[in-house]
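Coordinate inspection notes
Read off the chains here:
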There are 2 protein chains.
Amino acid sequence: MAEFELIRKLRAVLPGEGSRVRLGSGDDAAVTEPPGATATSVDAIVEGVHFTLPEFTPEAVGHKALAAALSDIAAMGAETGEAYVVLGLPADSELGDEKLCVGIAEGVARLARRTGTAVLGGDITRSPVLSVTVTAVGHEPRDAWLVSRSGARPGDVVAVTGELGGAAAALRLLDGTAAGEPPAPAALLARQFSPEPRLAAGRALADAGATAMIDVSDGLGADAGHLAEASGVGLEIEMGTVPVQAGVAEVAGGDTAALEMAAGGGEDFELLACLPPESFEAAASAVERAGTTLTGIGVVTSGGGVSLRLPGGGEIEPGGWDHLA
Amino acid sequence: MAEFELIRKLRAVLPGEGSRVRLGSGDDAAVTEPPGATATSVDAIVEGVHFTLPEFTPEAVGHKALAAALSDIAAMGAETGEAYVVLGLPADSELGDEKLCVGIAEGVARLARRTGTAVLGGDITRSPVLSVTVTAVGHEPRDAWLVSRSGARPGDVVAVTGELGGAAAALRLLDGTAAGEPPAPAALLARQFSPEPRLAAGRALADAGATAMIDVSDGLGADAGHLAEASGVGLEIEMGTVPVQAGVAEVAGGDTAALEMAAGGGEDFELLACLPPESFEAAASAVERAGTTLTGIGVVTSGGGVSLRLPGGGEIEPGGWDHLA
């Protein structure tokens, strides 16, 4: 199947409408009318690095690619707007171009429709392994200011949405290196196959006065480090208060190992936010209305760096989830 | 070298300032304040498909990736604004990560500075072969309306900027399949190593009343076909009037072969525009002031499809430059 015909098929699958869209997919460029400030982020996922085949269905690959990009939009507190998708296609796909591409497009489309994201363009190229690169564009909601990583102030509460460690535990289940059987493997696997970008929670946090925000894609320790560095502050995190997903302890092989997995594992796509203490209660209620939880896990200090304190004493080294390492 | 340190080095090389930039590279997303409508396009170039190593220096790879993306912005008649760059890095680069990445970034940076494009973000991933994906964002200039592919009207003049065939001839020089020695190989090779996005010409054409526009990336015949289909018109192109770059005939092996190369070869990144006949003269003068030429090569008809008429009679089949074929 030739490129142009394939692109036509994909365009039919993907949602291309939106109130801000003046010209959708199929021209040299898409044309939009942004309402104010826009937030733009680009993220690539690559077979063998961010996902494996056939463990990931084409739909899961598409979902994860869009979710990872939208997670950055969520971490700005922005409204999701548009996405642009580039497929790098291997020549020898067992599924064949059309089935693979349409499956990926369906995974992208489902999450795009649910979140209200218009998919306005893209590209297809040959590549030795499958890759999906998504550019996501968000817009500033009327009632909130976009939240960078750099506004945290000493005395702020450090808080995290949802639960951590699940995405790393899922990888262990997939590659057969789990220490034991978790009670609910499907919920863990969902952190890899269908991660949820915390768009509504991100807007709620921005609206509630979050001073700094980042998504947990490189791991709690590494992302806390990015935020601390950008803000010129320190983050003291009590690992005993970090919400760890059910089943992570079984997969990791114990409670301390579970905390290490929660601290070092990436791709959970939860939000790490700093808030003035007086704003925390209202923020937690707003995040709950947005469908998830907000847990206070530490405090911002004037010193630099990140400490991840274990309940029994000692610390976890704030490592990184470095796909290039 | 770890990902984060490498990204810091690249950020230092790339121009990240701009009047519309509120928050540059280094956060979850970049934040911009678009002045009105925005045009967004995404383009990927892949080693072995769109460029080869070591024939392309890292700087040439970076240049070509940004040029291909900006060419789409030019084809809308938009002002260039921002770019986002994703590198897919092979693990076993002979140059090493840093030298390769910094070289690519320097190629991107030089063209970005010259065109006034801010590079506001990106990503690095491991990939079996080198790839560069660029998302380019343009803005609607005050004095012109963005030009899609779909506004051509019967009776319009079909015109093309610059000269065609050079990029395809350069590939023949690079892979050693040229029929003969061209007089100026460097000018041909420049079409691959440092193609020029026709940004100023694109704005001039939009301002002069172009009804439809597309960049010649898939080949004149194929791109004329895209424009004809989008506009619901036919395009009759007299190949004898098409400006063919010097040296293409020598490489292709004759004048008719040169016209076939000009019609079928992609990646020239010239602009194909339709204009009301009364606007052509002024448009040609404006394009000349923008540093290149505008040549009338045909006419828009009410019938569908594209015909590429040879001077001596007969037609060239409007094929495609299909990287997936």
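Values in this document were obtained by computation on a predicted structure and should not be read as measured data.

Another point: the sheet that holds strand 7 (residues 157-161) of chain A. Residues and elements named next belong to chain A. Across the sheet, seven strands lie side by side as 8-10-7-11-9-12-13; this open sheet has mixed pairing. Edge strands, defined here as strands with exactly one partner in the open sheet, are strand 8 (212-215) and strand 13 (315-316). The pairing of strand 9 (residues 234-238) with strand 11 (residues 294-301) spans four bridges and is antiparallel. For Ile237, the partnering residue across the bridge sits in strand 11 and is Gly298.

It is worth spelling out helix 6 (residues 199-207) of chain A at this point. Inspection of helix 6 of chain A places Leu199, Ala201, Gly202, Ala204, Leu205 and Ala206 of chain A among the buried residues, and these make up the whole buried set. Where helix 6 of chain A ends, the next residue or the one after it, Gly209 of chain A, has phi of about 100 degrees, a positive value.

Among all positions in helix 9 (residues 255-264) of chain B, only Ala258, Leu259, Met261, Ala262 and Ala263 of chain B are buried. The inward-facing, buried residues of helix 9 of chain B abut helix 4 (166-175), helix 7 (220-231), helix 8 (248-252), strand 12 (305-309) and strand 13 (315-316) of chain B.

Once that is clear, we can look at the environment of Val61 of chain B. Residues and elements named next belong to chain B. Among the structural elements, Val61 can be located in helix 2 (residues 58-75). Linking Val61 and Gln192, residues 131 residues apart in sequence, is a C-alpha distance of 9.3 Å. Apart from the residues within four sequence positions on either side, Val61 is in contact with Ile45, Phe51, Leu53, Phe56, Ile104, Leu130 and Val132.

It is worth spelling out the nonpolar core at this point. One recurring pattern in soluble globular proteins is that nonpolar side chains are buried together. Counting 64 residues, the largest nonpolar core has Val132, Leu205 and Leu294 of chain B as its most contacted members. Considering every element that reaches this core, the biggest residue donor is helix 2 of chain B, with ten residues. Setting aside its immediate chain neighbours within four residues, Val132 of chain B contacts Asp43, Ala44, Ile45, Val61, Ala65, Val85, Val86, Leu87 and Ile104 of chain B. In this structure, Leu70, Ala75, Ala201 and Phe280 of chain A belong to the second largest nonpolar core, which totals 63 residues.

With that settled, consider the interface of chain A and chain B. Counting residues at the interface gives 56 residues for chain A, matched by 56 residues for chain B. Buried surface at the junction of chain A and chain B, both sides included, amounts to about 4,600 Å², of which 58% is carbon and sulfur. On inspection of chain A and its partner chain B, the count reaches eight salt bridges. Linking Glu229 of chain A and Arg8 of chain B is a salt bridge whose minimum nitrogen-to-oxygen distance equals 3.2 Å. Run the count over chain A and chain B and you get 19 residue pairs in polar contact (both at pLDDT 80 or more). The element best represented in the side of chain A that touches chain B is strand 3 (residues 38-46) of chain A, accounting for eight residues. Its residues assigned to classes, the side of chain A that touches chain B shows 25 nonpolar, 15 polar and 16 charged.

Our focus in this paragraph is the side chain of Asp27 of chain B. In this fold, Asp27 of chain B is placed in the loop between strand 1 (21-23) and strand 2 (30-32). In this structure Asp27 of chain B comes out as buried when scored by relative accessible area, which is 14%. Within the structure, the side chain of Asp27 of chain B is placed 2.8 Å from the backbone nitrogen of Arg149 of chain A, a separation counted as a polar contact. In contact with Asp27 of chain B, other than residues within four places in its own chain, are Met76, Ser148, Arg149 and Ser150 of chain A.

With that out of the way, let us pick up the pattern of salt bridges. With the rule as written, the count across this model stands at 28 salt bridges over all chains. Linking Asp27 of chain A and Arg149 of chain B is a salt bridge whose minimum nitrogen-to-oxygen distance equals 3.8 Å. Highlighted residues: Asp27 of chain A in the loop between strand 1 (21-23) and strand 2 (30-32) and Arg149 of chain B in the loop between strand 6 (131-139) and strand 7 (157-161), drawn from two different chains. Residue classification places Arg149 of chain B among the buried residues on the basis of a relative accessible area of 14%. We note a salt bridge from Arg114 of chain B to Glu196 of chain B, for which the minimum N-O separation is 3.0 Å. Taken together, the residues span a long stretch of sequence, with Arg114 of chain B in helix 3 (residues 97-115) and Glu196 of chain B in the loop between helix 5 (185-193) and helix 6 (199-207) at a distance of 82 residues.

Another aspect to go through is the confidence of the model for chain A. On average, residues of chain A score 92 in pLDDT, and 97% of them are at 70 or above. Predicted complex metrics record ipTM = 0.87 and pTM = 0.91.

Quick notes on the rules
- Residues take numbers from 1 onward in each chain, read along the sequence in its written order.
- Lettering for chains starts from A, numbering for ligands starts from 1, and both go in the order in which the items are written.
- For a predicted model such as this one, the threshold for reporting local features is a pLDDT of at least 70, and the threshold for listing and counting side-chain atom pairs is 80 or more; totals across whole chains, interfaces and linings nevertheless cover every residue.
- Side-chain measures here rest on the full set of heavy atoms in the structure, leaving out hydrogens and waters.
- Two strands are said to pair when DSSP picks up at least two bridges between them.
- The helix count covers DSSP runs of H or I at least four residues long, the strand count covers runs of E at least two residues long, and both are numbered beginning at the N terminus.
- Burial classes follow relative accessibility: with a 1.4 Å probe on protein chains only, a residue under 20% of its type's maximum area counts as buried, one over 50% as exposed, and anything between as partly exposed.
- Contacts are assigned to residue pairs that have any heavy atoms within 4.5 Å of one another.
- Residues belong to one nonpolar core when they are buried, are Ala, Val, Leu, Ile, Met, Phe, Trp, Tyr or Cys, and are joined through side-chain atoms within 4.5 Å.
- Buried area is calculated as the accessible area (1.4 Å probe) missing from two parts once they are joined, with the contributions of both summed.
- Between Lys or Arg on one side and Asp or Glu on the other, a salt bridge is scored when a side-chain nitrogen of the former is within 4 Å of a carboxyl oxygen of the latter.
- We define a polar contact as two N or O atoms separated by no more than 3.5 Å, with the added condition that, inside protein, one atom must be a possible hydrogen donor and the other a possible acceptor, whereas residues neighbouring each other in sequence contribute only through side-chain atom pairs.
- Ten residues, namely Ala, Val, Leu, Ile, Met, Phe, Trp, Tyr, Cys and Pro, are considered nonpolar, four, namely Asp, Glu, Lys and Arg, are considered charged, and the remaining ones, Gly among them, are considered polar.
- Predictor confidence is given residue by residue as pLDDT, running from a minimum of 0 to a maximum of 100.

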